Amino acid sequence: KETKIQLVIDAGQKHFGAIMCKACGMIYTASNPEDELQHVQHHHRFLEGIKYTGWKRERVVAEFWDGKIVLVLPHDPSYAIKKVEEVQELVDNELGFQQVVPKCPNKTKTFLFISDEKRVVGCLIAEPIQQAFRVLSEPTSPESPGSKECHRAWRCSNVPVPAVCGISRIWVFRFKRRKRIARRLVDTLRNRFMFGCFLSTNEIAFSDPTPDGKLFAAKYCNT
Ligand code: ACO
Ligand code: ZN
């Protein structure tokens, strides 16, 4: 009944006794009542959020041995929109994004990867864009060699390049990562974003990528 695993965190006494919930992925200190309460709240909201009961009308755009991808468009029934909003809230929460309202909400396309266990384990939100700015390779700063800080201040080129499709969010459930779910979401997006054409990797852009997002994008776009 206990779904907890002990983590060995090499971060000194402060995080001693931290555990990760095997169901929702939250890391917390079980001995701290405040932390425990926060976990209980997050746990419930998270599992409700990724629960997918199946819809009368769903737009299945890809099927795989381990799940399927469902596309949700802005004028879909309210149960579909509600689920997308729920998932986006979880994703934004995890990414530390402010709730940003999309620029053209009536042109947003959301792709949900539904696992065989009837859970939303991947989400990609895309919108049309006109231009993008390339992320430049990181400056190797001699002042801080070996600095592994995960900051998001990538240097960007100030020369815009034409682009067609912006990926405003891409997320995969913590325990389902590195199973090519993100890759399959982007493949499906490229196929489905514009009717009748397959977008090249030059035509898609990742907005404000996180370190994970950048690693994924670099790998994806080179292959
Ligand atoms: N570190 C190094 N390489 C990676 C990583 C990583 N964390 N993630 C993906 N890659 C590379 C690998 O080469 C991988 O292939 P391999 O597993 O055969 O080596 C390849 O990309 C394909 O990876 P997928 O399995 O398709 O990626 P995954 O399903 O794990 O999802 C994602 C990647 C979405 C970035 C996931 O790690 C995630 O949800 N992270 C947290 C949320 C996040 O940061 N999202 C990006 C925000 S940026 C934005 O939304 C625009
Ligand atoms: Zn939990």
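What counts and how
Residue positions within a chain follow its written sequence, with the count starting from 1. Following the order in which they are written, the chains are lettered starting with A and the ligands numbered starting with 1. Thresholds applied to this predicted model are a pLDDT of at least 70 for local features of residues and 80 or more for the giving and counting of side-chain atom pairs; totals over whole chains, interfaces and linings are not thresholded and use all residues. Based on all heavy atoms of the structure, the side-chain values leave hydrogens and waters out of the count. Helix and strand definitions follow DSSP, with helices as H or I runs of at least four residues and strands as E runs of at least two, each counted in order from the N terminus. Residue burial is assigned from relative accessible area. The probe radius is 1.4 Å, only protein chains are included, and a residue is buried under 20% of its type maximum, exposed over 50%, and partly exposed in between. We get accessible surface area from the Shrake-Rupley algorithm with a probe of 1.4 Å; when it comes to residues, only the shown protein chains can shield them. Here, nonpolar core means buried Ala, Val, Leu, Ile, Met, Phe, Trp, Tyr and Cys residues that are tied together by side-chain atoms lying within 4.5 Å of each other. Should any heavy atoms of two residues lie within 4.5 Å, those residues are considered in contact. In this analysis a donor is any N, O or S atom within 2.8 Å of a metal ion (3.2 Å for sodium, potassium and calcium), and since water is not included, sites may seem incomplete. Tetrahedral means four donors with every angle between 85 and 135 degrees, whereas square planar (four donors) and octahedral (six donors) require angles over 155 degrees between opposite donors and between 65 and 115 for all others; sites fitting neither are termed irregular. Criterion for a disulfide: a pair of cysteine sulfur atoms within 2.5 Å. For this description, a residue counts as near a given molecule or strand if any of its non-hydrogen atoms is within 4 Å of it. Between N or O atoms, a polar contact is any pair within 3.5 Å; within protein, one atom must be a potential hydrogen donor and the other a potential acceptor, and residues adjacent in sequence are included only when both atoms are from side chains. Angles run from 0 to 180 degrees between N-to-C directions of axes, and those axes are lines fitted to C-alpha atoms, restricted for helices to the stretch in contact. In this scheme, roughly parallel covers angles under 35 degrees and roughly antiparallel covers those over 145, while 65 to 115 is roughly perpendicular and the rest are oblique. Note on convention: near helix rotated counterclockwise from far helix by under a right angle means a left-handed crossing. Clockwise means right-handed. Basically, the charged four are Asp, Glu, Lys and Arg, the nonpolar ten are Ala, Val, Leu, Ile, Met, Phe, Trp, Tyr, Cys and Pro, and anything else, Gly included, counts as polar. Each residue after the first adds 1.5 Å to the expected span of a helix. In this description, the arc belongs to the directions extending from the helix axis to the C-beta atoms.

Participant: Talk me through the overall build of the protein chain; I want residue IDs and the actual numbers.
Facilitator: A count of helical and extended segments in the protein chain gives four helices and eleven strands. A buried classification covers 38% of the 223 residues belonging to the protein chain. Carbon and sulfur atoms make up 54% of the accessible area of the protein chain, which amounts to about 14,200 Å² in all.

Participant: Break down the nonpolar core for me, citing the residues and quoting the values.
Facilitator: By size, the foremost hydrophobic cluster in this structure holds 48 residues, and its most contacted members are F111, L112, L124 and L189. Non-local contacts of L124, meaning those with residues more than four positions away in its chain, are made with K109, T110, F111, I167, R169, I170, L185, V186 and L189.

Participant: A description of the coordination of the zinc ion (ligand 2) should follow, citing residues and the corresponding values.
Facilitator: Donor atoms from the polypeptide that coordinate the zinc ion (ligand 2) comprise C21 (SG), C24 (SG), H39 (NE2) and H43 (ND1), at 2.0 to 2.4 Å from the metal. Here the zinc ion (ligand 2) binds four donor atoms, and the angle range of 103 to 118° at the metal identifies the geometry as tetrahedral. Each donor residue of the zinc ion (ligand 2) belongs to the same chain, with the gaps between them written as C-x2-C-x14-H-x3-H. By relative accessible area, which is 5% here, C24 ends up buried.

Participant: Pulling in residues and values, what's your account of the state of the cysteines?
Facilitator: Under the defined criterion, the tally for this structure stands at zero disulfides. The thiol of C156 is unpaired, and the distance to the nearest cysteine sulfur, on C221, comes to 14 Å.

Participant: I'd like a rundown of the site of ligand 1, residues and numbers included.
Facilitator: Ligand 1 sits among 22 residues. The nearest are I170, V172, R178, R180 and T210. Between K179 and ligand 1, the recorded distance is 3.3 Å, taken from a backbone N or O atom to an oxygen atom. Alone, ligand 1 offers 960 Å² of accessible surface; in the complex the protein occludes 86% of this. Among the elements that make up the shell around ligand 1, the one with the highest residue count is strand β10 (residues 165–172) (six residues).

Participant: Go over the side chain of T110 with me, naming the residues and quoting the values.
Facilitator: Within the secondary structure layout, T110 lies in strand β6 (residues 109–115). You can call T110 buried: its relative accessible area is 4%. When residues no more than four places from it in sequence are discounted, the contact partners of T110 are V70, L71, V72, V84, C123, L124 and I125.

Participant: I'd love a proper account of the packing of helix α3 (residues 181–192) against helix α4 (residues 211–221), names of residues and values included.
Facilitator: It is the contact of α3 with α4, at a shortest axis distance of 11 Å, that shows an interaxial angle of 60°. Between α3 and α4, the angle is such that the two are oblique. Along this stretch, α3 crosses α4, giving a crossing that reads as right-handed. Of the residues in α4, those touching α3 at A182, R183, V186, D187 and R190 are F216, K219 and Y220. Class assignment for the residues of the contact of α3 with α4 results in four nonpolar, no polar and four charged.

Participant: Tell me what's going on with the packing of helix α1 (residues 33–50) against helix α2 (residues 78–95), and back it up with residues and numbers.
Facilitator: Across the interface, α1 lies against α2 with an axial gap of 9 Å and an inter-helix angle of 135°. Comparing the axis directions of α1 and α2 gives the class oblique. For α1 against α2, the interelement crossing comes out left-handed. Here R45, F46, E48, G49 and I50 of α1 come into contact with α2, specifically with K83, E86, V87, E89, L90 and N93. Its residues placed into classes, the contact of α1 with α2 shows four nonpolar, two polar and five charged.

Participant: Can you break down α2 residue by residue, with the values?
Facilitator: Structurally, the α-helix is built with 3.6 residues per turn, so residues lying three or four positions apart point the same way. With 18 residues, α2 extends 25 Å between its outermost C-alpha atoms, agreeing within 8% with the 26 Å of an ideal straight helix rising 1.5 Å per residue. For α2, every residue scored as buried is listed here: A80, K83, V84, V87, Q88, L90, V91, D92 and L95. Buried residues in α2 make contact with α1, β5 (67–72), β6, β7 (120–128) and β10. After α2 finishes, the residue G96 shows a positive phi value of roughly 70°.

Participant: Describe in detail α4, supporting the description with residues and values.
Facilitator: Listing the buried residues of α4 in full gives G213, A217 and Y220. The buried side chains of α4 occupy one side of the element, clustering within an arc of 70° when seen end-on. Those residues of α4 that are exposed and angled more than 90 degrees off the buried face are D212, L215 and K219. In this fold, the buried residues of α4 make contact with α3 and β11 (204–206).

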